[in-house]
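# Coordinate inspection notes
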Amino acid sequence: MPAPSPNRPEASPPRAPRRRRSDSLIPGWLWAPTGLGIAFLLLPIIGMLSRVDPQSLLAVITAEESRLAMQLSLLTSVTSAIISVLIGFPLGYLLATRPFPGQRIVRTLILLPLVLPPVVSGLALLYTWGRSAILGGGLESVGLSLAYTTSAVIMAQVFVSLPFMVMSVETATAGLGRRYELTAAELGAKPNRVFFTVTLPLLRHGIITGAVLCFARSLGEFGATLTFAGSLSGVTRTMPLQIYLVRESDPQAAIGLSLLLIVIAVLIIILAYRSPHAPRLKSPHTTPTLAEAAPRFANTDRQHGGEVNPETRSQDRVRADQRISAEVRLNARGIDLDLTSVLPGTTAIIGRNGAGKSTLFQVLTGALTPDSGRLRIGDDTVFDIAVGHWPPVHDRGIVHLAQNPVLFPHLNVIDNVSFGLRAHGSTRNDAQKRAQAMLDRLGVGQCANRRPDAVSGGQAARIALARALVVEPKLLLLDEPLAALDVDVAVETREVLAELVQGRSALLITHDVDDVTAMADSLVLVENGTVAHSAPVGQIDPEAAGEGTEFLASFCMRDRDGILCNQSQ
Ligand SMILES: Nc1ncnc2c1ncn2[C@@H]1O[C@H](COP(=O)(O)OP(=O)(O)OP(=O)(O)O)[C@@H](O)[C@H]1O
């Protein structure tokens, strides 16, 4: 048999097929510490089980004292979990989203009950709310007594379990980011609607996790309860206190009650985590794109990839007497932009990486506040920093469509598209009818009742486009909408977009000459944070672009049909 050439790959001999692993990205050795951890947790339970006397178990569990203790434990643990949600959710959410003075101190304070021995927590509560303490004494004088009551048990449980709620919500909020809330606001939803229809549903897993942890911690709470609430049967003696009480006189009873506590805790944790909407891992290969196969439009007058006679378009521009004018200065990012655009019409914004294009969009939507600036759309002043007019995101009528469609994962497709209409006051029926019509127009009407994770990346992008267009925004911001598409799909989708933006006002960030020739009426070149050149399509003059001359000349050279630039150049 000839020796294999070092330069040529040889057909390798047939090998026995490798055993498929569930995830080849995960190192196998991780199973060793995982197994150790599971054994470490499981062995003491088995140890305890081995000491159980099955015959006495039933009598122990059904004894009056045990029943009272269990009832009290469940009642107080559920109540403290609910209180922890009500207090801990806003705390964790604000910690993750709004920087405020003393934030680090607050965070340290919240974690304090985790490191304090529970007895110390109980003493702290006693010296604050006890009968002879300042606050407790005041309450006592008006006939309210906390110490040694069931309320004291709940207070002790909330004190030690609150950190779990705050940390769960803070982590969930930080992981979610602000993009869904910002998208909802751009579609016109006011803060309360965003909070109740987007924020809360999307954070529900964090809330459930926090509540379960709070419940579990409260169920096992012992030291703080004993110190602050004492051990009165039926009033403050919870299950852990009852177990502690009987452990000397009747170890079998202590074991039986412990088992009961474990079984109930495990059952409740399992039930709480069996949510039908539990988060699922998404395929890392799903890339949101603007179309998987762009729909065709029968009555489009833009043929051949959206090319339009530039002369006709520039005449339109000359006649247009209404303008969009935007001035934005943001020193921290070196941005000082002043641009105008025809109304209606599409202005393409091009420029090198880091020139300031995305920053402009962030300011226009209201996600970023500039040092100074003004935006006028026709006669309407959307914002003007000089006179202190800086409306919230939901009040601008500007919708930003980026490469990532940011569909709300907890709503089906039709509800996603109806979202903005509902926020503007449409009835559910009306909103759904209009949403369905827009989805049909974009060729994704059949997806109406699916969840966003059950549509392809291209369909998701068209759904996002439908959601943006159906609210008839004053200004549509398109940020490289075709960049993630493969070439064939991009050509078709460009036609779709060109058709849809006709008669609307849009700004389009792009690096692609074809996007400009197909969709734009005018072009703005941004160079080092300033507008280097601005001209209608067909009259672009690289020589007039100052520092941007070279960039613009090379852009024009990529325009095979010679549509963009002044042909006399
Ligand atoms: N989150 C941020 N914090 C601070 N500076 C930023 C941030 N994002 C961008 N910048 C800076 O602001 C300037 C403008 O960036 P911007 O993202 O607006 O550019 P761009 O033209 O959109 O670039 P690209 O084409 O790469 O998207 C750059 O100097 C950039 O480094």
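Remember, it's a predicted structure, so these values are computed and weren't measured experimentally.

### Some remarks on the nonpolar core
Grouped together as the largest cluster of nonpolar side chains are 72 residues, with contacts concentrated most on Leu 439 and Ile 463. With 8 residues, helix H18 (residues 457–470) is the largest single contributor of residues to this core. Not counting residues up to four positions away in its chain, the partners in contact with Leu 439 are Val 413, Ile 414, Val 417, Val 444, Gly 445, Ala 448, Ile 463 and Ala 466. Counting 25 residues, the second largest nonpolar core, distinct from the first, contains Val 328, Ala 355, Leu 360 and Val 526.

### Considerations on the packing of aromatic side chains
In the structure shown here, the tally under the stated rule is 8 aromatic pairs. Judged by centre distance (4.8 Å) and plane angle (55 degrees), the ring pair of Phe 408 and Phe 419 falls under tilted. With Phe 408 in the loop between strand E6 (398–401) and helix H16 (413–423) and Phe 419 in helix H16, this pair connects stretches of sequence that are 11 residues apart. In this pair, the class of Phe 408 matches that of Phe 419, namely buried. Through a chain of ring-to-ring contacts, three or more aromatic side chains come together here, namely Phe 89, Tyr 93, Phe 195 and Phe 196. Across the ring face of Trp 390, the terminal group of Arg 396 is positioned such that the distance to the ring centre comes to 4.0 Å. Over the ring of Phe 408 we find Arg 467, and its NZ or CZ is 4.7 Å from the ring centre.

### Concerning the UniProt feature "transmembrane region" (unreviewed entry) in the protein chain
In this structure's numbering, the residues bearing the UniProt feature "transmembrane region" (unreviewed entry) are residues 28–49, 69–96, 108–127, 147–169 and 253–273. Across residues 28–49, the secondary structure splits into 86% helix and 0% strand, with the terminal C-alpha atoms separated by 32 Å. Along residues 69–96, the helical share is 100% and the strand share 0%, with 38 Å between the first and last C-alpha atoms.

### Looking at the state of the cysteines
Counted according to the given criterion, the structure contains 1 disulfide. The disulfide partner of Cys 556 is Cys 565, and the gap between their sulfur atoms is 1.6 Å. When the S-S torsion is -60 degrees, as for the bridge of Cys 556 with Cys 565, the disulfide is left-handed. Each member of the pair, Cys 556 as well as Cys 565, carries the same accessibility label: buried.

### Some details on the side chain of Thr 236
As for its placement among the helices and strands, Thr 236 is situated in the loop between helix H11 (223–229) and helix H12 (239–249). Within the local environment of Thr 236, its side chain forms a polar contact with the backbone oxygen of Ala 229, the two atoms lying 3.2 Å apart. A polar contact is formed between the side chain of Thr 236 and the backbone nitrogen of Ser 231, at a distance of 3.4 Å. With residues up to four places along the chain from it excluded, the contact list for Thr 236 reads Leu 72, Tyr 148, Thr 149, Thr 150, Val 153, Thr 225, Ala 229, Gly 230, Ser 231 and Leu 241.

Parameters and conventions
Residues numbered from 1 in each chain as written. Predicted model: local features only at pLDDT ≥ 70, side-chain atom pairs only at ≥ 80, totals over all residues. Heavy atoms only, no water. Core = buried A, V, L, I, M, F, W, Y, C linked by side-chain atoms within 4.5 Å. Buried < 20%, exposed > 50% of the residue type's maximum accessible area, 1.4 Å probe, protein only. Helix = DSSP H or I, 4+ residues; strand = E, 2+ residues; numbered from the N terminus. Contact = heavy atoms within 4.5 Å. Phe/Tyr/Trp six-rings, centres within 6.5 Å; stacked < 30°, edge-to-face > 60°. Lys NZ or Arg CZ within 6 Å of the ring centre and 35° of its normal. UniProt positions renumbered as here; feature names shortened; annotations may be inferred. Disulfide = S-S within 2.5 Å. Polar contact = N/O pair within 3.5 Å; in protein donor to acceptor, adjacent residues only side chain to side chain.

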